[in-house]
Amino acid sequence: MKLLLTGARIIDPAQNIDSRMDIFLEDGKIAKTGTNLSKLTKSKDSEEITKIIDLAGMIIVPGLIDMHTHLREPGFEYKETIASGAAAAVAGGFTSIACMPNTNPVNDNRSITEFIRRKATEAALANVYPIGAISKKSEGSQLTEFWDLKEAGIAALSDDGKPVMDAALMRRAMEYAYSLQLPVISHCEDTNLSANGLMNEGYYSTILGLNGIPGIAEEAMVARDILIADFTKTAVHIAHVSTAGSVHLIRDAKKRGLKVTAETAPHYFTLTDEDLQSYDTNFKVNPPLRSKQDVAAIKEGLADGTIDVIACDHAPHGRTDKEVEFEYAANGISGLETSLSLSLNLIGGKTLSWPELIAKMSLNPARVLKLPKGTLEKGTDANITIIDPLLKWTVDVQAFRSRGKNSPFHGRQMQGKAVMTIVGGEIKYDGR
Amino acid sequence: MKFEKKDILGIKDLSVDEINLILETAESFLEISTRKIKKVPTLRGKTIINLFYEASTRTRTSFEIAGKRLSADTINISASTSSVVKGETLIDTARNLEAMNPDVIVLRHSAAGAPHLLASLVKQSIINAGDGAHEHPTQALLDMMTIKEHKGKIAGLKVAIIGDIEHSRVARSNIYGLTKMGANVVLAGPATMLPYDIEQMGVKVFTRLDDAITNADVVMMLRIQLERQKQSIFPSLREYSQHYCLNRNNIKLAKKDVIVMHPGPINRGVEISPDIADDPSYSVILDQVNKGVAVRMALLYLLTGGSE
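The rules we used
Residues numbered from 1 in each chain as written. Chains lettered and ligands numbered in written order. Predicted model: local features only at pLDDT ≥ 70, side-chain atom pairs only at ≥ 80, totals over all residues. Heavy atoms only, no water. Helix = DSSP H or I, 4+ residues; strand = E, 2+ residues; numbered from the N terminus. Buried < 20%, exposed > 50% of the residue type's maximum accessible area, 1.4 Å probe, protein only. Contact = heavy atoms within 4.5 Å. Areas by Shrake-Rupley, 256 points an atom, 1.4 Å probe, with all protein chains shown as cover. Lys, Arg positive; Asp, Glu negative; His and termini not counted. Charge placed at Lys NZ, Arg CZ, Asp CG, Glu CD. Phe/Tyr/Trp six-rings, centres within 6.5 Å; stacked < 30°, edge-to-face > 60°. Lys NZ or Arg CZ within 6 Å of the ring centre and 35° of its normal. Salt bridge = Lys/Arg side-chain N within 4 Å of Asp/Glu carboxyl O. Polar contact = N/O pair within 3.5 Å; in protein donor to acceptor, adjacent residues only side chain to side chain. Buried area = accessible area lost by both parts, 1.4 Å probe. Nonpolar A, V, L, I, M, F, W, Y, C, P; charged D, E, K, R; others polar. Core = buried A, V, L, I, M, F, W, Y, C linked by side-chain atoms within 4.5 Å. Domains from an automatic or database assignment. 1 Å grid on protein atoms, 1.4 Å probe; cavity = no way out; pocket = protein on both sides within 12 Å on 5 of 7 lines; lining within 4 Å. Points joined across faces, edges and corners; volume = space filled by probe spheres on them. Pairing = 2+ DSSP bridges. Right-handed = clockwise from strand over helix to strand, strands pointing away.

### Focus on the overall build of chain A
A count of helices and strands for chain A gives 14 helices and 18 strands. Dimensions of chain A, computed from C-alpha atoms along their principal axes, come out at roughly 70 × 45 × 45 Å. Relative to its full complement of 432 residues, chain A shows a buried share of 63%. In chain A, the share of contacts with a sequence separation of at least 24, taken over all contacts with a separation of at least 6, comes to 74%. Accessible surface, chain A as shown: approximately 16,100 Å² in total, 49% of it carbon and sulfur. Looking at charge distribution, chain A has the averaged site of its 48 positive side-chain charges lying 4 Å from that of its 54 negative ones.

What follows is the structure, encoded as structure tokens:
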């Protein structure tokens, strides 16, 4: 199929493009970008019909990539499946997603990786990149077979959700993975400091009588992993940064030239621990929502490049996981279908420019995961997201493609939304 | 004044006027408990369910007596929180109880916020009888009533609350109530028992008992839960009692007419020496229990439309 998208503003941070242009897609690849491409179709396009889509007022960006999702399959299909998660991804504007290994069984061997890839191929929606476990069953004691997992198709390694407490094991993992060019994604949490914690430790945990998770539970591990990366001359990617202290540590590491990258999630620059006062379990997430000061620091970190990536930590849950007492509720937010719109607020709020934001949601995660994606360069896969920057809409969890209806943003007014998602040259979502 | 609240979830949500109305109503009910026939027909035909997910003797009995003295039908349910793992959820239990049309549900639960969850689901009035380390509003109301009776006022008094503030719902409710009513509230306990940024609640914080109780009008001792020792929040009961036990010596630092309170159950010799706990010139501990019935009668009355 051939597609010609006309009349939109094209933003491609990789090529420093931000202008009104047409883009021509052929055989699943980006064939040409330029002005007045409609003449080109008339002359060259004798035998095949080109579908022309007028996108005046829209913004075309490289297909968005969310490098931190939980697709729950195998094991927790009532929360999400690979197919429903991929459907949520394209509806949220994401052409590629990476999924964490904390399924049941854990993605710690080739057969699970291959299963996830097969399910993703069958779903034929977004590109799905499995992330393999660092340790067997993510138990933190024995390394998985990194080499075998890489050959099976993992994009990175992580024990997300079950942080590697053993510093020696983390050191070995980072060394071995680096030699294989595999990124290591660290969920930074000292589980002794966070034990029994339910929310950020501060004034609001005090008045709500909920056990606190101190910011230092995250920061101590960020510091540890930076030290390991420095000493072993390897790289680490810090997942879901939530505190001002972590931002400072990462900023300092980058200044010293260390190979440290970082991501944050929309809820960490949108919500605070103050929002937990109703004990609404949809606000329960790990790491927890932090203070106003932390939110300000996260925004600064995004603005100055300390935080490279926005990834929503999509964590879908069933009703039974959330409709319980706060203490017993599962952590997580179903985020894929609100992530882009929440992130667009960073442009309105003057934290980021359009190209900066798009880079953090496409080019930068592609670089962290070493994927040849996140750009509209000629010859690359035709993964494209089309955004209507002015579209006003209201979040309705019942309309989510995701099985996880757990969102603290239900009912919130939004502006800006992905209205079309093209994966490999095919339209996988059209919400116009 | 008409009482407008549907539920009593915490002192945080009550205005000074509402607290005063509750205390005045409670005072008018005190006398009923001294009669030969301790029963009035006020709440005849009303049904009150005491739903207790946590062990309690004092509070549950107090609610039951309060309901019965007003002629309400009271039902006690002792549930185990283990049922969250196996069996019915709080939400399902609540919906089943709702279907039986009670008028008030009194809930005690180990999870902070459980009464808020219940209140959002059912149309009946909910009274929080203690939720985790969050609030215990009826305890704070009976404490304020006791203080008012002995001191004639609350405003301007120095009230020292001593012990494990971090895990205490009694402390939080009293801090809200007493500061609203104009008292000067000071806290003391080992640093490990003082929750983060507690000063922002409008209290002064000390780590030594003596600093907090000096010139105090009221000293409120909190129960030390022995199992907390495992969490390393204090090294040993021996060391705790050497430094935080209210006794004949340190009580002299307080005002001469100081009253000593304790929400119970007391650990004799740990946070309070037996001769202070039993000395009627200081201790108002049993008086607190007495006021508890009146306060709970007042709340049941006000929530079921008694002020109309």
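### Side note on the packing of aromatic side chains
Overall, the coordinates contain 5 aromatic pairs over all chains when judged by the stated rule. Ring plane angle 70 degrees and centroid distance 5.2 Å describe the contact between Tyr203(A) and Tyr204(A), whose orientation is recorded as edge-to-face. The exposure class of Tyr204(A) is buried, given its relative accessible area of 18%. Taken together, a centroid distance of 5.3 Å and an interplanar angle of 80 degrees make the contact between Phe29(B) and Tyr301(B) edge-to-face. Here Tyr301(B) lies in helix H10 (residues 285-303) and Phe29(B) lies in helix H1 (residues 16-30), a separation of 272 residues in the sequence. Classification of Tyr301(B) by relative accessible area gives partly exposed; the value is 23%. Cluster of aromatic residues (ring-pair linked, three or more members): Phe234(B), Tyr240(B) and Tyr244(B). If you follow Lys284(A) out to its NZ or CZ, it ends over the ring of Phe326(A), 5.5 Å from the centre. For Lys417(A), the ring lying beneath its charged end belongs to Trp393(A), and the centroid distance is 5.2 Å.

### Brief notes about the side chain of Glu219(A)
Residues and elements named next belong to chain A. The topology assignment puts Glu 219 in helix H7 (residues 215-232). Here Glu 219 is buried and forms no salt bridge, its nearest opposite-charge partner Arg 290 lying at an N-O distance of 6.8 Å. In terms of polar contacts, Glu 219 uses its side chain to reach the side chain of Thr 243, at 2.5 Å. For Glu 219, the contacting residues outside a window of four places in its chain are Thr 243, Gly 245, Ser 246 and Leu 249.

### Focus on the interface of chain B and chain A
Taken together, the contacts link 24 residues of chain B with 16 residues of chain A. For chain B, the biggest contributors to the area lost against chain A are Ala112(B), His134(B) and Tyr196(B); these three give 26% of the whole. Taken together, chain B and chain A are joined by 5 residue pairs in polar contact (both at pLDDT 80 or more). Elements that contribute at least two residues to the side of chain B that touches chain A include exactly helix H3 (90-99), helix H4 (114-121) and helix H6 (169-180) of chain B. Examining the composition of the side of chain B that touches chain A, we find that 3 residues originate from one element, H4(B), more than from any other. A per-class count over the side of chain B that touches chain A returns 13 nonpolar, 7 polar and 4 charged.

### Topic: the nonpolar core
Counting 88 residues, the largest nonpolar core has Ile127(B), Leu141(B), Ile161(B) and Leu178(B) as the members making the most contacts within it. The element best represented in this core is H10(B), accounting for 9 residues. The residue makeup of this core includes at least three contributed by each of domain 1 (2-60 + 380-430) and domain 2 (63-368) of chain A. Setting aside anything within four residues of it in sequence, one finds Ile127(B) in contact with Ile8(B), Phe63(B), Val104(B), Ile105(B), Val106(B), Leu107(B), Thr138(B), Leu299(B), Leu300(B) and Leu303(B). Core analysis: the next-biggest nonpolar cluster, separate from the first, contains 68 residues, Cys99(A), Met174(A), Leu180(A) and Met221(A) among them.

### Here we look at empty space enclosed by the protein
Residue and element names in this part refer to chain A. For the structure on display, the rule yields 5 cavities of 30 Å³ or more. Roughly 60 Å³ of volume is contained in the largest cavity. In terms of lining residues, the largest cavity is bounded by Gly 63, Ile 65, Thr 95, Pro 372, Lys 373, Gly 374, Thr 375, Thr 380, Asp 381 and Asn 383. Taken together, the residues that form the lining of the largest cavity break down as 2 nonpolar, 6 polar and 2 charged. Inspection of the lining of the largest cavity shows a minimum of three residues originating in each of domain 1 (2-60 + 380-430) and domain 2 (63-368). Taken together, Ala 91, Gly 92, Leu 336, Glu 337, Thr 338, Ser 339, Leu 340, Ser 341, Trp 393, Lys 417 and Ala 418 make up the full set of residues lining the second largest cavity. Going through the elements one at a time, helix H12 (339-348) and strand E17 (413-423) are the ones with two or more residues in the lining of the second largest cavity. A per-element tally of the lining of the second largest cavity places H12 first, with 3 residues. The residue makeup of the lining of the second largest cavity, split by class, is 5 nonpolar, 4 polar and 2 charged. Two domains each put at least three residues into the lining of the second largest cavity: domain 1 (2-60 + 380-430) and domain 2 (63-368).

### Describing helix H2 (residues 82-91) of chain A
Residue and element names in this part refer to chain A. For H2, the tally of buried residues reaches 9 of 10 residues, placing the bulk of the element in the interior. Those residues of H2 lying buried are Ile 82, Ser 84, Gly 85, Ala 86, Ala 87, Ala 88, Ala 89, Val 90 and Ala 91. Of the surrounding secondary structure, the elements contacted by the buried residues of H2 are strand E7 (94-99), helix H3 (110-123), E17 and strand E18 (426-430). Just beyond H2, the residue with positive phi is Gly 93, at close to 95 degrees.

### Description of the pairing of strand E5 (residues 158-162) of chain B
All names here are of chain B. Burial analysis of E5 places 5 of its 5 residues in the buried class, the great majority of the element. As paired strands, E5 and strand E6 (residues 184-188) are joined by 5 bridges and run parallel to one another. Its bridge partner lying in E6, Lys 158 is registered against Asn 184. For the crossover that starts at E5, traverses H6 and ends in the parallel E6, the hand is right-handed. Examined bridge by bridge, E5 and strand E8 (residues 218-221) share 4 bridges and lie parallel to one another. Following the sheet pairing, Ile 161 is matched in E8 by Met 220.

### A word on the sheet that holds strand E6 (residues 64-69) of chain A
All names here are of chain A. Read across the open sheet, the 8 strands follow the order E6-E7-E8-E9-E10-E13-E14-E15; overall the sheet is parallel. Only two strands of the sheet have a single neighbouring strand rather than two, namely E6 and strand E15 (309-310). Where E7 meets strand E8 (residues 127-132), 4 bridges bridge the pair, whose relative direction is parallel. Considered in E8, the bridge of Ile 97 is made with Val 128.

### Notes on the domain arrangement of chain A
Residue and element names in this part refer to chain A. Domain annotation for chain A reports domain 1 (2-60 + 380-430) and domain 2 (63-368). With 35 residues of domain 1 at the interface, the matching set in domain 2 holds 45 residues. Of the roughly 3,000 Å² buried between domain 1 and domain 2, counting both surfaces, carbon and sulfur atoms make up 64%. Summed over the three residues of domain 1 that lose the most area to domain 2, namely Arg 403, Asn 406 and Pro 408, the buried surface amounts to 22% of that side. Counting across the interface, domain 1 meets domain 2 through 0 salt bridges. Elements that contribute at least two residues to the side of domain 1 that touches domain 2 include exactly strand E1 (2-12), strand E16 (384-394), E17 and E18. Here the element with the most residues in the side of domain 1 that touches domain 2 is E17; it accounts for 8 residues.

### Side note on the environment of Tyr53(B)
All names here are of chain B. Among the structural elements, Tyr 53 can be located in the loop between strand E1 (47-52) and helix H2 (58-69). Classification of Tyr 53 as buried rests on a relative accessible area of 6%. The sequence separation of Tyr 53 and Ser 78 amounts to 25 residues, and the corresponding C-alpha distance is 5.9 Å.

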